[in-house]
Amino acid sequence: MATAHVPAARPHVPQVHRGVEPLHAGEGTSFIWRKLHSLTGIVPIGAFLIEHIISNWEAVQGPVAYGKQVYFLNHLPLVRALEWVFIFIPLLYHGLYGIWIWLRGKANVVYYPWAGNWLYVAQRYTGLLAVVYIAYHVATQRFMGVDLPNHPAAAFWKVQRELANPWILAFYVVAMIAICFHFAYGVWLFAAKWGITPGERSRWRFGWVCGVAGFILMGMGLASIWAFVSARYANAPENPSLGFQGSESRDQRTALALKPNGLTVRIGNPSQVADAHAGL
Amino acid sequence: MANRTVQFEIKRQASPDGPAVWERFELEWRPGMNVISAMMEIAANPVTADGRPTTPITYDSNCLEEICGSCAMRINGKARMACSSLVDNLEQPIRLEPLSKFPLVRDLQVDRSVLFKNLMRVKAWVPVDGTYDLGSGPRVYPQQQEVNYPLSNCISCTCCMEVCPQFNEQTGFVGAATIAQVRLFNNHPTGKVLKEDRLRALAGDGGIQECGYAQNCVKACPKQIPLTNAIADVGRDVIGQKVKDWLRG
Amino acid sequence: MATPRIIVVGGGLAGLAAVIKIAEAGGSVDLFSIVPVKRSHSVCAQGGINAAKNLKGEGDTTWQHFDDTIYGGDFLANQTPVKAMCEAAPAIIDLLDRMGVPFNRTPEGLLDFRRFGGTLYNRTAFAGATTGQQLLYALDEQVRRYEAEGKVKKYEGWEFLSAIIDSKGVARGITALDLRSMELRAFAADAIILATGGIGAIFGKSTNSVVCTGSAQSAVFQQGVYYANGEFIQVHPTSIPGEDKLRLMSESARGEGGRVWVPRKAGDNRPAKQIPESERFYFLEEWYPKYGNLVPRDVATRAIHKVVYELGLGLDGQAMVYLDLTHIDRETLDRKLGGILEIYEKFVGVDPHVEPMKIFPGMHYTMGGLWVDFDQMTSVPGIFAAGECEYQYHGANRLGANSLVSCIFGGFHAGPNAMQYAKSLPAVEGDGGAAAELARQAEINKKLMNNEGSENPFRLWRELGQTMTEHATVIRQNKGLEKADAKIVELLDRFKRVNLSDKSQWANTSFAFARQLKNMLELSRTITQGAILRDESRGAHYKPDYPERNDEKFLKTTKASFTGTCEGPRFEYEDVDTQYITPRARRYDAAK
């Protein structure tokens, strides 16, 4: 187009950097992955969180009630498959993709200390904490130590022993608060971004709903933690009788067959075992 | 008020790859002074506070009435329009920096053309048949006009993009302004004909899904455009479109 | 022949309108604009756009619109193009409506219209208080569509420097400067359309945008294009004086009961509220008891000028008077004037509910401009012009809400005419003069960049603005105009010693500004000298020494041509086309 140029007598013409790329209209798959992340946060993870907190609430009723709940959950049909498909894999995905999201955002709450921006940052840090906590929690409570699916009765005892360490207790408390926040705000975000609450007022009202629900969940969760550490159920037995046929684990049944009134102590120090017996 | 002065600290950078330096200026205070008039003053007398000769500041500006969208910059850390930033309302020294999310040209001037490219990618227009006389336009009821008019007030200043934690080179996020324009054109009786195209475009990489709903956009918008509402509405429509496409696919 | 290649300079309403017509007709367009086109000055228009759609049952006709426009312009406009514009206006509104402009609506979903100055009909379509912005966006979107289709290439951030004119005197392209890389380049074209807006910057502070320097008009003027009616400058009575510019304050403030006053005593520095009623000078009410604060614009503007410059009663010794709304209750103000009061508060930092606004007339619009024929072509073949940069539609004074329609109509007219011209254009010989023009521009650039001296271009500009505003706006005396012209000559001389504090070859705004300033200085003499020569009062041009209109001598278009001598432009006069409406006395104190 240009018909003539001034001969460039200039050694170096600066170039403007590229900057943020324009929209890749209709290209790529990030939409589906991001929406899947969003959705998994609600179902199944959010649903599982509610279930978990309700189940934990049984701890307030004591070791036996808690054990029964664990027993019940572990006897759902196809429970191992459900566990992987609806809990572990979604959790893994939501957590890892969430970290990816966190890494790509550039928080600027220092310059713009506005409520929504604080919540944005909080959602990322609570998510990160949740990932660390849940990894630890699943590892220690599900895959290490007493195998609870096989020993549901030992659930209370196992958690109580874990929370005996004040650092771990603090970790649990903080994580409980963080996760309940993350979930409650996540639901609010879901409603906003999926266009369920497209108005200022509807978001404001739904904010209250999510806030109150989050606090209720958090209260229940913290109460459950309290149940494990309070004096009321101090020194819970490792293997209380859940009081119905078949509630024992396979090992227990074997043990019972061998020693009619004996209980097999697998871990723990002798004094605890003694206490456990005394408690019975 | 005779000797009252105003202190400025301005981030200077002679070229995209040059070093950034801060220069201090001390100017005579004048009533009604805004950031633009201060920079005009510096142009007429380009000397720093310590008496060193310097060059006039390079910055974008045009209408100076907060309607052309040119003069967005960071003033005391926050993205806003320089023309409507009155010196008397700002803490001194007033620190001027270029927008941080856009490639720097020089001093306070940045390249914001990405917004115009984005508007092209989402087909932000009403596809009229032609400019010859085809009679009156479609009927639009006042209620509908009242929804569209605020969206149509967007001045392309890019403040909403600058303040968005998600708008950056990693995400390639399209930003709130473009999403609001999609809302506007999808709501127009004729503009609607491209609705599906626009929604599919916004589901691409860097699309609406990258929004983190920090809501900074709506706070920073100098025109009070209901950006978060637009994101919610368009977000729903994009999901609907994707589901529809999937079921029909 | 191949697809005609048209260059459009300027991306405001007129430029974009032309681009759309050319792209639609299959032409190929290069669009040059200093700012991204969406940031052009057209965004500043507030009130609306006129078209006699007659949707209010008033019997409005395009003839009435035509008559109002000619009458408002004091019969100086050629009637044929104005008539065509008024007849085309209703279809333009329909088109804009189809393009999605969010015009205000009636409950039935039809376009709403309001009344504006200079007419008795509700003829003005509007989109809130940002009609210009909405119109510009609609055209910008259509151009973006053509850009996506590859029919338009935008050069945003490029400044037009000159036309390339071949040995036969025919335009063959332009030279332009990339404001970032400072690269100078020549671009070939079969026709050029200039749509470069107003010249507000010549007056220092005006209601115009920063880019409205008139530099492009001046450049082609200096290359031989006629400049017409330069002396006609519209000054709006109520603008908000700012440190950086003048912002418009709508007439509706006075419509709702706003009162204009100054302290009776010069130098009375007390805050407004402490000045008792008896010591306030409500000069409009005293001088014009019948109309009071609602006298016509030109009368109000002249009165304010008199108070400030002749009586020396400006506030704090500055060029300002009060526009007082504080006696009206807050609820009424917010309901009727909310938007504009908000703007005042935002920019001035003072709440006009509590303290009177400080206002002053502000240079607002350039009625004159590049001379064009009825096909929008200037006196140099191949150079067309449309919009505020040409002179054709407003005569001696523009009616409110006529500017937007004239810009779009002009662009819609210029585009197809340029296409038609380009199709029958003989092929260019050689490079059409591109290399020579490029060398000339490179020489100017080199000289400017390396110039030695002590003059700062921004300070020269301030002096130009001050002298032009003082002598060549509202009230014109030949003595003052001569002083202003002499000042321009002085500034032109001092410009030779201009020294750029910035010698860089990257985004050098001082350099670009200095080039604009030179052009402003050259063009401003068409205003001062054109005004000196026009010994009458007509429309916005008012000389107390010649208070009457003189049709016999001056019902003529002023045509200035560049001489390059220190005497300034050469002037000639052309008869006005008055074939439809016979000139009659213009008075607004009674029904016409």
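Further up the page is the structure itself.
Residues numbered from 1 in each chain as written. Chains lettered and ligands numbered in written order. Predicted model: local features only at pLDDT ≥ 70, side-chain atom pairs only at ≥ 80, totals over all residues. Heavy atoms only, no water.

### Some words on the overall build of chain A
No. 1: Helix and strand counts for chain A come out as 9 helices and 1 strand.
No. 2: Listed N to C, the secondary structure of chain A is β-α-α-α-α-α-α-α-α-α in terms of helices and strands.
No. 3: The 280 residues of chain A split such that 44% are buried.
No. 4: For chain A, the accessible surface area stands at approximately 15200 Å², while carbon and sulfur atoms represent 70% of it. (Helix = DSSP H or I, 4+ residues; strand = E, 2+ residues; numbered from the N terminus. Buried < 20%, exposed > 50% of the residue type's maximum accessible area, 1.4 Å probe, protein only. Areas by Shrake-Rupley, 256 points an atom, 1.4 Å probe, with all protein chains shown as cover.)

### Description of the pattern of salt bridges
No. 1: Enumeration over the complete set of coordinates arrives at 73 salt bridges over all chains.
No. 2: Linking E83(A) and R80(A) is a salt bridge whose minimum nitrogen-to-oxygen distance equals 3.2 Å. Here the residue E83(A) and the residue R80(A) both occupy positions in helix α3 (residues 79-104), the gap between them amounting to 3 residues, near one helical turn.
No. 3: With a relative accessible area of 11%, E83(A) lands in the buried category.
No. 4: By relative accessible area, which is 32% here, R80(A) ends up partly exposed.
No. 5: Residue R259(C) is joined to E285(C) by a salt bridge in which the shortest nitrogen-to-oxygen separation is 2.8 Å. On the criterion of sequence distance, the pair formed by R259(C) in strand β14 (residues 259-263) and E285(C) in helix α7 (residues 283-287) is long-range, its members being 26 residues apart.
No. 6: Within the structure, one salt-bridge network assembled from shared partners comprises D74(C), E231(C), R534(C), E536(C), R538(C), R549(C) and D551(C). (Salt bridge = Lys/Arg side-chain N within 4 Å of Asp/Glu carboxyl O.)

### So, the interface of chain B and chain C
No. 1: With 72 residues of chain B at the interface, the matching set in chain C holds 69 residues.
No. 2: Sorting the residues of chain B by area buried against chain C places N62(B), E65(B) and T131(B) first, and these three jointly supply 12% of that buried surface.
No. 3: Taken together, the connections running from chain B to chain C amount to 7 salt bridges.
No. 4: A salt bridge links R180(C) to D111(B); the nearest nitrogen and oxygen atoms lie 3.2 Å apart.
No. 5: For the pair chain B and chain C, the number of links is 43 residue pairs in polar contact (both at pLDDT 80 or more).
No. 6: Listing elements by their share of the side of chain B that touches chain C, those giving two or more residues are α1 (35-44), β6 (104-106), α2 (113-121) and α3 (142-152) of chain B.
No. 7: Partitioned by chemical class, the residues of the side of chain B that touches chain C number 38 nonpolar, 24 polar and 10 charged. (Contact = heavy atoms within 4.5 Å. Buried area = accessible area lost by both parts, 1.4 Å probe. Polar contact = N/O pair within 3.5 Å; in protein donor to acceptor, adjacent residues only side chain to side chain. Nonpolar A, V, L, I, M, F, W, Y, C, P; charged D, E, K, R; others polar.)

### Re the interface of chain A and chain B
No. 1: In this assembly, 45 residues from chain A lie in contact with 58 residues from chain B.
No. 2: Taken over both partners, the interface formed by chain A and chain B buries close to 4300 Å², and the fraction arising from carbon and sulfur atoms is 59%.
No. 3: Of all residues in chain A, V20(A), L23(A) and F31(A) give up the largest surface area on contact with chain B, accounting jointly for 19% of the area buried on that side.
No. 4: As a salt-bridge pair, E210(B) and R104(A) come within 2.6 Å of each other at their nearest N and O atoms.
No. 5: Connecting chain A to chain B are 27 residue pairs in polar contact (both at pLDDT 80 or more).

### Comments concerning the nonpolar core
No. 1: Counting 170 residues, the largest nonpolar core has F8(B), L96(B), I49(C), L96(C) and I408(C) as its most contacted members.
No. 2: The element contributing the most residues to this core is helix α10 (residues 403-423) of chain C, with 11 residues.
No. 3: Here this core spans two domains, and each of domain 1 (5-110) and domain 2 (113-248) of chain B adds at least three residues to it.
No. 4: Formed by 75 residues, the second largest nonpolar core is a distinct cluster that contains Y155(C), L517(C), A531(C) and F571(C). (Core = buried A, V, L, I, M, F, W, Y, C linked by side-chain atoms within 4.5 Å. Domains from an automatic or database assignment.)

### Thoughts on the sheet that holds strand β2 (residues 20-28) of chain B
All names here are of chain B.
No. 1: What the 5 strands build is an open sheet, ordered β2-β1-β5-β3-β4; its pairing is mixed. In the strand order of this sheet, the two ends are held by β2 and β4 (78-81), each with one partner. Here the strands of the sheet are splayed against their neighbours by 35° on average, with no regard to which way each runs.
No. 2: With 4 bridges joining them, strand β3 (residues 72-75) and β4 adopt antiparallel strand pairing. By the bridge assignment for β4, R74 is matched with A79.
No. 3: α1 rests against β1 (5-13), β2, β3 and β5 (94-97) of the sheet, and its axis sits at about 95° to β2. (Pairing = 2+ DSSP bridges. Axes fitted to C-alpha atoms, helices over the stretch in contact; angles between N-to-C directions.)

### Quick look at the side chain of N186(B)
Residue and element names in this part refer to chain B.
No. 1: Mapping N186 onto the fold places it in helix α5 (residues 176-186).
No. 2: With a relative accessible area of 6%, N186 lands in the buried category.
No. 3: With residues near it in sequence (within four places) discarded, N186 still touches K192, K195, R198 and L199.

### Describing the packing of aromatic side chains
No. 1: Under the criterion given, the structure shown has 40 aromatic pairs over all chains.
No. 2: The interplanar angle of 75° and the centroid separation of 4.9 Å between the aromatic rings of W84(A) and F88(A) together place this pair among those described as edge-to-face. In this pair, W84(A) and F88(A) are both assigned in helix α3, 4 residues apart and thus about one turn of the helix distant.
No. 3: When the ring of Y112(A) is compared with that of W114(A), the centres are 5.2 Å apart and the planes differ by 45°; the resulting orientation is tilted.
No. 4: The class of W114(A) is buried, set by a relative accessible area of 17%.
No. 5: The ring of Y137(C) has K38(C) lying over it, and the distance from NZ or CZ to the ring centre is 4.5 Å.
No. 6: The ring of Y580(C) has K83(C) lying over it, and the distance from NZ or CZ to the ring centre is 4.8 Å. (Phe/Tyr/Trp six-rings, centres within 6.5 Å; stacked < 30°, edge-to-face > 60°. Lys NZ or Arg CZ within 6 Å of the ring centre and 35° of its normal.)

### Brief notes about the state of the cysteines
Residues and elements named next belong to chain A.
No. 1: Enumeration over the complete set of coordinates arrives at 0 disulfides over all chains.
No. 2: Sulfur of C180: no disulfide; nearest cysteine sulfur belongs to C210 and is 13 Å away.
No. 3: Among the residues examined, C180 registers a relative accessible area of 0% and is labelled buried. (Disulfide = S-S within 2.5 Å.)

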